[in-house]
There are 2 protein chains.
Amino acid sequence: MEAAFTQKKLSELTFAIIGLGLIGGSYAKALRRLGVKHILGLDISRGIAKACLNAHMIDEIVESGSPALGKAEVIICCVYPGAILEFVRHNAAHFQPGTLFTDATGIKGRLPEQVQALVPAGCEFLAGHPMAGRQGSGLGMAAAEIFDGANYIIVPAAHNTPAAIVWLENFAKALGCKCTVKISAAEHDSIIAYTSDLPHILAVSLVNSASFTEHTKYFIAGSFKDATRVADINPDLWSDLFLANKENTLAEIRKYQEQLARWTRALEQDDAAALQAMMQEAGPKRRELY
Amino acid sequence: MEAAFTQKKLSELTFAIIGLGLIGGSYAKALRRLGVKHILGLDISRGIAKACLNAHMIDEIVESGSPALGKAEVIICCVYPGAILEFVRHNAAHFQPGTLFTDATGIKGRLPEQVQALVPAGCEFLAGHPMAGRQGSGLGMAAAEIFDGANYIIVPAAHNTPAAIVWLENFAKALGCKCTVKISAAEHDSIIAYTSDLPHILAVSLVNSASFTEHTKYFIAGSFKDATRVADINPDLWSDLFLANKENTLAEIRKYQEQLARWTRALEQDDAAALQAMMQEAGPKRRELY
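Residues numbered from 1 in each chain as written. Chains lettered and ligands numbered in written order. Predicted model: local features only at pLDDT ≥ 70, side-chain atom pairs only at ≥ 80, totals over all residues.

**Topic: the overall build of chain A**
A count of helices and strands for chain A gives eleven helices and eight strands. Relative to the globule expectation of 19 Å for 290 residues, the C-alpha radius of gyration of chain A, 21 Å, shows essentially globular dimensions. Expressed as lengths along the three principal axes of its C-alpha atoms, the size of chain A is roughly 70 × 40 × 30 Å. Per-residue burial for chain A yields a buried fraction of 50% across its 290 residues. In chain A, the proportion of contacts linking residues at least 24 apart, taken out of those at least 6 apart, comes to 76%. (Helix = DSSP H or I, 4+ residues; strand = E, 2+ residues; numbered from the N terminus. Rg over C-alpha atoms; globule rule 2.2 N^0.38 Å. Buried ≥ 20, exposed ≤ 12 C-beta atoms within 10 Å, placed from the backbone. Contact = placed C-beta atoms within 7 Å.)

Here is the structure:
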């Protein structure tokens, strides 16, 4: 028997979004934009769930542990990394066979296998997430546009079916993403430490430098603004993410410190050629990215 | 006798722009937007000067060493930091008495006194610059909009007159700047090492990390994009700027490394509270800036 999600159009499918924060709320808005059949929403805060219902971002509130979750043919889990397994333990009994369960977590580790072991037979957990987000946190920052032009990362495990992978690829494109990438969980976490954990650490560190004063604001231009945009992030979520990817993140900080050491050496030695060489190396690499 | 620039409206004044790169070209476009009387342009490249004339950004090309520079009542020098004194030595003899000479250099050092000592009696050098710029380099990136909403830094020295300082403040506002700040050269260079030199170093370092690969582009989102925007900068200009502000910049790198060391300690000790404290410190500071 083929799973419902592979047989139906998006406009015929019922989705459930678990966790209605910045990312979950953005999925809700993007699903509404896509015109899916029905959107269930679950959040630990009753007030947040009501706010989503009132804003027509979701069609129905589902309580944790409620059998109503069984109506969903696709479930997207957007809770903190440390809360996914708890959600699954409390709710997986109500997943209907044929359900696709996916997540939006920026760190994968052993999650794919751990979750798959907890869902009922006939349900499939396929890990992934959009390379998207923005400063701030919570429902107030949610926007369908975070998907537009973003990359969508899919992290298949041994238990995943080609049908689910293809479906998620097409779904990501429908959400507005530019391209999809498949990668193993271990590679994913290592690369993300460089492309996401590290930039957030750099931004927070720049704002926290002992040189920051009340007068700083008069002396900043685009470079400082851009370098610190993601200094304002959700501390609870991100401490989870950093610790779950601890070894990779520590390695990235070390590699970054090697670059700062290159600058220190070149400056101490008045070595204009070495300074120019670093910029000549970086310019083309940056232009290639965008 | 009052200097011409303090007596006339902008629409009655003749300006000269020295160096028609990203910043000089942006001044030319902004002066045109302001409707000043006449814009002279000088560049070491004849092709660049011709391109500015053809684009109606300037009204007249001036050669280095030409008496035609004497027509200017306000001269704005936008050459590399290392080239200002050379320009002054070759051209100051033609400055007319009453000329206001200003610059756009991101590093000041002893420049105010050095330049003032070289200009004819009755001319005044007042150092300053907009806190503005953008990625890339050269005339092709010039835009009047770089001034819009920017801060304008004025660096008065003992020889400067209140009339010149007030004029430059009003001129900066007319260019589109949001506010002006007055500061000594030594303080300026120290603060700029933090708010400008350091962010550029951080961006170049992130792109140059050993972790950068051809696959990086699939795993980046806003945080990496913003953190690396100014990794693509003019190596010749910036090696000048970094070396001219060497001690301050080295001090900023050291302070920044202390922040990275905080991250390393917190991660190694699985100290979620310490990680959260760093983010809780940074968030409000960042929000205050913008």
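**Structural notes on the nonpolar core**
Judged by nonpolar contacts, the single largest core of 192 residues is most densely connected at A:F15, A:I17, B:F15 and B:I17. Ignoring sequence-local partners within four residues, the contact set of B:F15 consists of B:L31, B:V36, B:I39, B:L40, B:A72, B:V74 and B:I76. (Core = buried A, V, L, I, M, F, W, Y, C linked by C-beta atoms within 7 Å.)

**Focus: the pairing of strand β2 (residues 38–42) of chain B**
Residues and elements named next belong to chain B. Burial analysis of β2 places four of its five residues in the buried class, which makes it a mostly covered element. The pairing of strand β1 (residues 14–18) with β2 spans five bridges and is parallel. Counterpart to F15 in the pairing with β2 is I39. The parallel pair β1 and β2, bridged by helix α2 (residues 22–34), forms a crossover whose chirality is right-handed. (Pairing = 2+ DSSP bridges. Right-handed = clockwise from strand over helix to strand, strands pointing away.)

**Thoughts on the sheet that holds strand β1 (residues 14–18) of chain A**
Residues and elements named next belong to chain A. With mixed pairing, the eight strands of this open sheet are ordered in space as β3-β2-β1-β4-β5-β6-β7-β8. The sheet is open, and its two edges are formed by β3 (60–61) and β8 (179–182), each paired on a single side. Together, β5 (100–103), β6 (124–130), β7 (151–155) and β8 form the strand contacts of helix α6 (residues 162–175), whose direction differs from that of β6 by roughly 30°. (Axes fitted to C-alpha atoms, helices over the stretch in contact; angles between N-to-C directions.)

**Remarks on the relation of the copies chain B and chain A**
Both copies of the chain are related through a single rotation about an axis accompanied by a shift along the same axis. Between chain B and chain A, the superposition needs a rotation of 180° and an axial shift of 0.0 Å, giving an RMSD of 0.0 Å. Such a combination of rotation and displacement between the chain copies is what one expects of a two-fold axis. Both copies share a contact surface, since 100% of the interface residues of chain B are interface residues in chain A too. (Least-squares fit on C-alpha atoms with pLDDT ≥ 70 in both.)

**Observations concerning the interface of chain B and chain A**
The interface is formed by 80 residues belonging to chain B together with 80 residues belonging to chain A. Of all elements in the fold, only β7 (151–155), α7 (185–208), α8 (222–228), α9 (235–244), α10 (246–268) and α11 (272–289) of chain B reach the threshold of two or more residues within the side of chain B that touches chain A. Top contributing element to the side of chain B that touches chain A by residue count: α7(B), with 15 residues. For the side of chain B that touches chain A, a count of residues per class yields 43 nonpolar, 21 polar and 16 charged. (Nonpolar A, V, L, I, M, F, W, Y, C, P; charged D, E, K, R; others polar.)

**Looking at helix α9 (residues 235–244) of chain A**
Because each turn of an α-helix spans 3.6 residues, side chains separated by three or four positions end up pointing in the same direction. Within α9(A), eight of the ten residues are buried, leaving the element largely enclosed by the surrounding structure. If you follow the buried residues of α9(A), they end up packed against α7 (185–208) and α10 (246–268) of chain A together with α10 and α11 of chain B.

**Brief notes about the pairing of β1(A)**
All names here are of chain A. Of all the five residues making up β1, five are buried; the element is thus mostly covered by neighbouring parts of the structure. The sheet contact formed by β1 and strand β4 (residues 74–77) spans four bridges and is parallel. The partner of I18 across the bridge, within β4, is C77.

**Looking at the domain arrangement of chain A**
Assigned domains of chain A: these are domain 1 (4–183) and domain 2 (188–289). Across the side of domain 1 of chain A that touches domain 2 of chain A, the residue classes break down as six nonpolar, six polar and one charged. (Domains from an automatic or database assignment.)

**Some points on the environment of A:A251**
Considering the arrangement of structural elements, one finds A:A251 in helix α10. Remark: the alpha-carbon pair of A:A251 and A:P97, spanning 154 residues in sequence, is separated by 41 Å.

**Some points on unusual backbone geometry**
Residues and elements named next belong to chain B. Phi angles above zero are rare outside glycine, and H56 is one such case at about 60°. Note on placement: H56 falls in the loop between α3 (46–54) and β3 (60–61). For D270, which is not a glycine, the phi torsion comes out positive at approximately 50°. With respect to the helices and strands, the residue D270 is situated in the loop between α10 and α11. By the C-beta count within 10 Å, which is 10 here, D270 ends up exposed.

**Observations regarding the environment of A:F101**
All names here are of chain A. Mapped onto the elements, F101 comes out in strand β5. The exposure class assigned to F101 is buried, which follows from the 25 C-beta atoms found within 10 Å. Between the C-alpha atom of F101 and that of A72, which follows or precedes it by 29 residues, the distance is 9.6 Å. When neighbours within four sequence positions are excluded, F101 is seen to be in contact with I75, C77, F95, V119, C123, E124 and F125.

**Details of the sheet that holds β1(B)**
Residue and element names in this part refer to chain B. Taken in spatial order, the eight strands line up as β3-β2-β1-β4-β5-β6-β7-β8 in an open sheet, and their pairing is mixed. Every interior strand has two partners, whereas the edge strands, β3 and β8 (179–182), have only one. Docked against the sheet, helix α6 (residues 162–175) engages β5 (100–103), β6 (124–130), β7 and β8, running at close to 30° with respect to β6.

**Comments concerning helix α2 (residues 22–34) of chain A**
All names here are of chain A. The terminal C-alpha atoms of α2 lie 18 Å apart, and with 13 residues this matches the ideal 18 Å at 1.5 Å per residue to within 8%. Most of α2 sits inside the fold, with ten of its 13 residues counted as buried. By the burial criterion, the buried members of α2 are L22, I23, G24, G25, S26, Y27, A28, K29, A30 and L31. Elements in contact with the buried residues of α2: β1, β2 (38–42), α3 (46–54), β4 and α6. Following α2 by one or two positions, G35 adopts a phi angle in the positive range, close to 75°. (Expected span 1.5 Å × (residues − 1).)

**What to know about the confidence of the model for chain A**
Of all residues in chain A, 98% have pLDDT values of 70 or greater, and the mean over the chain is 95. Quick note on the complex model: pTM equals 0.88, ipTM equals 0.88. (pLDDT = per-residue confidence, 0-100.)

**Thoughts on the packing of α7(B) against α10(B)**
To characterise two packed helices, one gives the angle between the axes of the helices and the distance between these axes. All names here are of chain B. Contact pair α7 / α10: the axes reach a minimum separation of 9 Å and the direction vectors enclose 65°. Crossing of α7 against α10: the hand is right-handed. Two secondary-structure elements touch here, α7 through D189, S190, A193, Y194, D197, L198 and I201 and α10 through N248, T249, A251, E252, I253 and Y256. Of the residues belonging to the contact of α7 with α10, the class tally is seven nonpolar, three polar and three charged. (Left-handed = near helix turned anticlockwise from the far one by under 90°.)

**Thoughts on the environment of A:A28**
Locating A:A28 in the fold gives a position in helix α2. When sequence neighbours within four positions are dropped, the list of residues in contact with A:A28 reads A:I17, A:L20, A:I39, A:G41, A:C52, A:M57 and A:I58.

**Considering the packing of helix α11 (residues 272–289) of chain A against α9(B)**
Running from N to C, α11(A) and α9(B) cross one another at 130°; their axes reach a closest spacing of 9 Å. Classified by the interaxial angle, the pair formed by α11(A) and α9(B) is oblique. For the pair α11(A) and α9(B), the sense of crossing is right-handed. Residues A:A272, A:L275, A:Q276, A:M279 and A:Q280 of α11(A) form the contact with α9(B), whose participating residues are B:P235, B:D236, B:W238, B:S239, B:F242 and B:L243. Looking at the contact of α11(A) with α9(B), its residues break down into seven nonpolar, three polar and one charged. (Parallel < 35°, antiparallel > 145°, perpendicular 65-115°, else oblique.)

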